[in-house]
Amino acid sequence: MITRQRLAAGVCALLAALTAGIAFPTGAVADETAEQAAPKVELVLDVSGSMRARDIDGGSRMSAAKQAFNEVLDATPEEVQLGIRTLGANYRGNDRKTGCKDTAQLYPVGTLNRTEAKTAVATLTPTGWTPIGPALLKAAGDLDGGNGTRRIVLISDGEDTCQPLDPCEVAREIAAKGIGLTIDTLGLVPDAKTRDQLSCIADATGGTYTSVQHKEELTDRVGQLVKRAADPVVTPVAVEGATACTSAPTLKSGLYTDREEFGQHRYYRVDVKPGQELRASVSVAADREVNPDYGVLLRAVTVHGREIVRGEAAGNGRTDVISTGLRYPKAKSDDENAPAETVCLQVSNSFSAASGVKTTPGMPVELTVDVVDGPDPASDVASFGLGRGWWLLGALVLTGFLAGVLWGWVSRLRIAVWRTN
């Protein structure tokens, strides 16, 4: 899935964390040293009627969730601001319109008072509907503000019952806002429909999906996700690429995130001084079902459109993240005041949407830009690019020549002696 691939690609955590804001042509900077706000986590718990089922280690799903919450609250790091939201906890009736609004914040996101949080959890009783989409929208609002890590941990035992508000589309919309939020999902029922929906939600934001069927598994996994929020991360800067180089934002070294439509081209500008080297890479994540056989192209071009160098990669549907990169060294100049060269990075893709799949918002794009001092010319580089190896080659050639001359002289001497005798 996208999360495993994104982690493996190292760029990203696809579909990873984002920060609010748009980079303008005056210059965008991904500052890894900026002070981060306190990490925020909201646990979103399904309290619908189906949570009464007694199929987790002989107890109900609700009791397993309560036990997990109590243990996780005890182990939550001090620096993590934690909140709890419920879905389906209050309305017992059959009116679908009312039931699909049934989501409430049980404990506000902030400095954790463990006793108060545990008391609030103890009052929960399985009740109503399963409005996952509306709950995710509200949870995103609960975590709004700040530039620290933000994470939603959703625990549910079934599909959303409030369609057509598709929770997968809700998750994509949340990710497209660039608010730096990851949704991790845990499924208490191992059926295919629940797994597919919860996986889709997690994939859209670079999160993870986990199927749990035992109390200890649930406790351990929720605890891991809460503690993970406290881990230091490099937060990508949200940037909006342009459709042409002339209007593209200027980027400096850093990690950036954007959204790209199917088959779209996005441009970004980077200034490279003489003696520097531009290193860039891009990853595009298929956060929804796409047709097989696709590719990603990253080109470095001049402001006039002439291609300098390119990197490209192709896929066939076996992975949902595809990456490529390029390097461009700018030669040194004898003029100390020589101006920097503006290089345009063009990102394009050949993805196409599968039948019935929405094409908006665009797919997640993660762009890494690194402008460093270029390598010094090697002082021992000889002809043919052999470097120090030419000494060995020369010695071998000379040895062979001398051996040939010696062998020829010995052969002629032997022939002369034979004729004389």
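A quick note: this is a predicted structure, and the numbers were derived from the prediction, not measured. (Residues numbered from 1 in each chain as written. Predicted model: local features only at pLDDT ≥ 70, side-chain atom pairs only at ≥ 80, totals over all residues. Heavy atoms only, no water.)

1. Some details on the packing of helix α6 (residues 167–176) against helix α7 (residues 192–204)
No. 1: Put simply, α6 and α7 touch, their axes get as near as 8 Å, and they point 10° apart. Relative to α7, α6 is oriented roughly parallel. Listed contacts from α7 to Pro167, Cys168, Ala171, Arg172 and Ala175 of α6 are Gln197, Cys200, Ile201 and Ala204.
No. 2: In terms of residue class, the contact of α6 with α7 is made up of seven nonpolar, one polar and one charged. (Axes fitted to C-alpha atoms, helices over the stretch in contact; angles between N-to-C directions. Helix = DSSP H or I, 4+ residues; strand = E, 2+ residues; numbered from the N terminus. Parallel < 35°, antiparallel > 145°, perpendicular 65-115°, else oblique. Contact = heavy atoms within 4.5 Å. Nonpolar A, V, L, I, M, F, W, Y, C, P; charged D, E, K, R; others polar.)

2. A closer look at the state of the cysteines
No. 1: Under the defined criterion, the tally for this structure stands at three disulfides.
No. 2: Between the sulfur of Cys168 and that of Cys200 lies a disulfide, 2.4 Å long from S to S. With Cys168 in helix α6 and Cys200 in helix α7, this pair connects stretches of sequence that are 32 residues apart.
No. 3: Cys168 sits in the buried class, given a relative accessible area of 7%.
No. 4: Among the residues examined, Cys200 registers a relative accessible area of 18% and is labelled buried.
No. 5: What connects to what in the protein, once the bonded cysteines are numbered by sequence position, is 1-2, 3-4, 5-6. (Disulfide = S-S within 2.5 Å. Buried < 20%, exposed > 50% of the residue type's maximum accessible area, 1.4 Å probe, protein only.)

3. Topic: helix α4 (residues 114–122)
Each α-helix turn comprises 3.6 residues. Residues three or four places apart therefore point the same way.
No. 1: For α4, the full list of buried residues reads Ala117, Ala120 and Val121. Taken down its axis, α4 places every buried residue within 100° of arc, on the same side. Opposite the packed face of α4, turned more than 90 degrees from it, sit the exposed residues Thr115 and Ala122.
No. 2: Contact partners of the buried residues in α4: α2 (61–75), β2 (81–87) and β3 (103–110). (Arc of directions from axis to C-beta.)

4. Overview of the sheet that holds strand β5 (residues 181–187)
No. 1: The six strands lie next to each other as β3-β2-β1-β4-β5-β6, forming an open sheet whose pairing is mixed. One side of each edge strand has no neighbouring strand; the edge strands of this open sheet are β3 and β6 (209–211). Strand-to-strand, the axes of this sheet are offset by a mean angle of 15°, without reference to chain direction.
No. 2: Sheet analysis places strand β1 (residues 40–46) next to strand β4 (residues 150–156), joined by six bridges and oriented parallel. Of the residues in β4, the one forming a bridge with Lys40 is Arg150.
No. 3: Seen against the sheet, α2 touches β1, β2 and β4 and runs at an angle of roughly 165° to β1. (Pairing = 2+ DSSP bridges.)

5. Digging into a nonpolar patch on the surface
No. 1: On the surface, a nonpolar cluster with roughly 410 Å² of combined accessible area is contributed by Leu398, Phe401, Leu402 and Val405.
No. 2: Within the element layout of this structure, Leu402 appears in helix α9 (residues 389–420). (Patch = residues over 30% accessible without salt bridge, like charges linked within 9 Å, V, L, I, M, F, W, Y side chains within 5 Å. Areas by Shrake-Rupley, 256 points an atom, 1.4 Å probe, with all protein chains shown as cover. Salt bridge = Lys/Arg side-chain N within 4 Å of Asp/Glu carboxyl O.)

6. Remarks on the pairing of strand β9 (residues 254–260)
No. 1: For β9, the buried fraction is high: seven of the seven residues fall into the buried class.
No. 2: Across the two faces of β9 the burial is the same, with Gly254, Tyr256, Asp258 and Glu260 and Leu255, Thr257 and Arg259 all buried.
No. 3: Where strand β7 (residues 237–238) meets β9, two bridges bridge the pair, whose relative direction is parallel. For Val237, the partnering residue across the bridge sits in β9 and is Tyr256.

Nothing here speaks to function; it is all geometry.
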